[in-house]
Amino acid sequence: MDEQPEPAQTAGGGLDRRADLSEFLRTRRARLKPEDVGLPDFGRRRVPGLRREELAQLAGVSVAYYTRLEQGNGRNVSAEVLDAIARALRLSDAEHAHLMHLAKPKQLKKKPVARSQQVRPALRHLLDSIESVPAYIVGRRSDILAWNRMASALFGDWAEMPAQERNWARMVFLRPEYRELYLEWQQKASDMVGYLRMDAGCHPDDPRLSALVGELSVKSEDFRRLWAAHDVKEKSYGVKRMRHPLVGDLTLSFETFRLVDDGEQSLVTYHAEPDTPSAEALRLLASWGADATRSGTRASTPSD
């Protein structure tokens, strides 16, 4: 049986920001070797990675100060100290932002994060007008909010699913057909967990996010393992290799466009290089339309 710990939660049902801060710092420290940061290595270590005193030295803070922070107490830490620790830990931009969210959460008015996100009608019309490129709107928790006909042809008819099941993390970890769709499924799974980690840092009190993490932790050993790694990632761009049941293998580039009026919604598009077998496969999917869906016959973009 898998022995990965379950996600820490607060008494109110949210994710435990202090526990996440502690584990995030510990896992980032554990991945560094002395030679990575220009320090001498004096033999075998009881645990992997840098010692706390070595990290504190690199960041220019006392060991006691850093120890308190790694124990989850970031209440009085300054942004300058966090920047120094981020540099010492060799954090990426996404990891740096995640550290700031965990250690110094913004004191904003509470938003009703549990309510459903709404897609503007103009964006739905835009999706409908994009006829040759799979495109969809993704929101908080990686919920799929709206999509076009080509997205249905490529990914399956999401209109056939209950609204609460239209979530990338649920599909990737709990639906076998998506494990078959992505040729590099492990990378896709790792990406999804990284996105959820970023959301958790921004919205630790979101009960729907907490429930999603809890459900996936119970149902998927792969999710438990990846969640315990505390890796974070921002949605951006890249290449995905897929194996569609009707048109075979595709290599598609994806782009993510964050909406100006709602930073928690993004437009995601997929396209193929011109004059390639993948481009021809997309043209075939466009000509077949809804008949190309793998789980239904209707493609639409209903409200969540």
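Residues numbered from 1 in each chain as written. Predicted model: local features only at pLDDT ≥ 70, side-chain atom pairs only at ≥ 80, totals over all residues. Heavy atoms only, no water.

## Section: the pairing of strand 5 (residues 266-271)
- Within strand 5, 5 of the 6 residues are buried, which leaves the element mostly enclosed by the surrounding structure.
- Where strand 4 (residues 248-258) lies against strand 5, 6 bridges are found, and the strand directions are antiparallel. Bridge pairing in strand 5 places F254 opposite Y270. (Buried < 20%, exposed > 50% of the residue type's maximum accessible area, 1.4 Å probe, protein only. Helix = DSSP H or I, 4+ residues; strand = E, 2+ residues; numbered from the N terminus. Pairing = 2+ DSSP bridges.)

## Considerations on the sheet that holds strand 2 (residues 144-147)
- Spatially, 2-1-5-4-3 is the arrangement adopted by the 5 strands of the open sheet, whose pairing is antiparallel. Two strands lie at the open edges of the sheet, namely strand 2 and strand 3 (237-244), each paired on one side alone. Averaged over all adjacent pairs, the angle separating strand axes in this sheet is 30°, with direction ignored.
- The sheet contact formed by strand 1 (residues 135-138) and strand 2 spans 3 bridges and is antiparallel. What sits directly across from V138, in strand 2, is I144. (Axes fitted to C-alpha atoms, helices over the stretch in contact; angles between N-to-C directions.)

## Considering the environment of R141
- Mapped onto the elements of the fold, R141 is located in the loop between strand 1 and strand 2.
- The class for R141 is buried, based on a relative accessible area of 3%.
- Between the alpha carbons of R141 and R208 there is a distance of 8.3 Å; along the sequence they are 67 residues apart.
- Engagement of the side chain of R141 in a polar contact is seen with the side chain of D143, the distance being 3.1 Å. (Polar contact = N/O pair within 3.5 Å; in protein donor to acceptor, adjacent residues only side chain to side chain.)

## A closer look at the environment of L127
- Tracing the backbone through its elements, the reader meets L127 in helix 6 (residues 121-129).
- You can call L127 buried: its relative accessible area is 1%.
- Residues L127 and A151, spaced 24 residues apart in sequence, show a C-alpha to C-alpha distance of 9.8 Å.
- With residues up to four places along the chain from it excluded, the contact list for L127 reads A135, Y136, I137, A146, W147, N148 and L267. (Contact = heavy atoms within 4.5 Å.)

## Considerations on the packing of helix 5 (residues 93-103) against helix 10 (residues 185-202)
- Interhelical geometry of helix 5 versus helix 10 gives an angle of 30° and a closest axis separation of 8 Å. One element, helix 5, and the other, helix 10, form an angle in the roughly parallel class. Where helix 5 crosses over helix 10, the handedness of that crossing is left-handed. Across the interface between the two elements, A94, H98, H101 and L102 of helix 5 pack against R197, M198, G201 and C202 of helix 10.
- The class makeup of the residues in the contact of helix 5 with helix 10 is 4 nonpolar, 3 polar and 1 charged. (Parallel < 35°, antiparallel > 145°, perpendicular 65-115°, else oblique. Left-handed = near helix turned anticlockwise from the far one by under 90°. Nonpolar A, V, L, I, M, F, W, Y, C, P; charged D, E, K, R; others polar.)

## Considering the pattern of salt bridges
- Under the counting rule described, the total for this entry stands at 24 salt bridges.
- Note that D143 and R141 form a salt bridge whose closest N and O atoms lie 3.1 Å from each other.
- Residue D143 is classed as buried on the basis of its relative accessible area of 8%.
- Here D143 and R208 are joined by a salt bridge, their closest N and O atoms 3.7 Å apart. Of the two residues, D143 is situated in the loop between strand 1 and strand 2 and R208 in helix 11 (residues 207-219); the sequence distance between them amounts to 65 residues.
- The network of salt bridges with shared partners includes R28, R31, E95 and D231. (Salt bridge = Lys/Arg side-chain N within 4 Å of Asp/Glu carboxyl O.)

## Here we look at the nonpolar core
- Counting residues in hydrophobic clusters, the biggest one holds 47 residues, and the most contacted among them are F155, W158, W168 and F173.
- Beyond its immediate stretch of four places on either side in the chain, W158 contacts Y136, I144, W147, A151, R166, W168, M171 and Y178.
- In terms of nonpolar packing, the next biggest core, distinct from the first, is built from 25 residues, L32, Y66, L102 and A103 among them. (Core = buried A, V, L, I, M, F, W, Y, C linked by side-chain atoms within 4.5 Å.)

## Observations concerning the confidence of the model for the protein chain
- In this model, the protein chain carries a mean pLDDT of 86, and residues with pLDDT of at least 70 account for 86%.
- Every residue in residues 294-304 is under pLDDT 50, and counting partners more than four places away or in other chains gives 40 contacts. (pLDDT = per-residue confidence, 0-100.)

## Structural notes on helix 11
- Across its 13 residues, helix 11 extends 18 Å between first and last C-alpha, which sits within 8% of the 18 Å expected from 1.5 Å per residue.
- Of the positions making up helix 11, those classed as buried are L209, S210, L212, V213, E215, L216 and S217.
- On the buried face of helix 11, the contacting elements are helix 8 (168-174), helix 10 and helix 12 (221-228).
- Two or three places before R208, at the opening of helix 11, D206 has a side-chain oxygen 3.0 Å from that residue's backbone nitrogen. (Expected span 1.5 Å × (residues − 1).)

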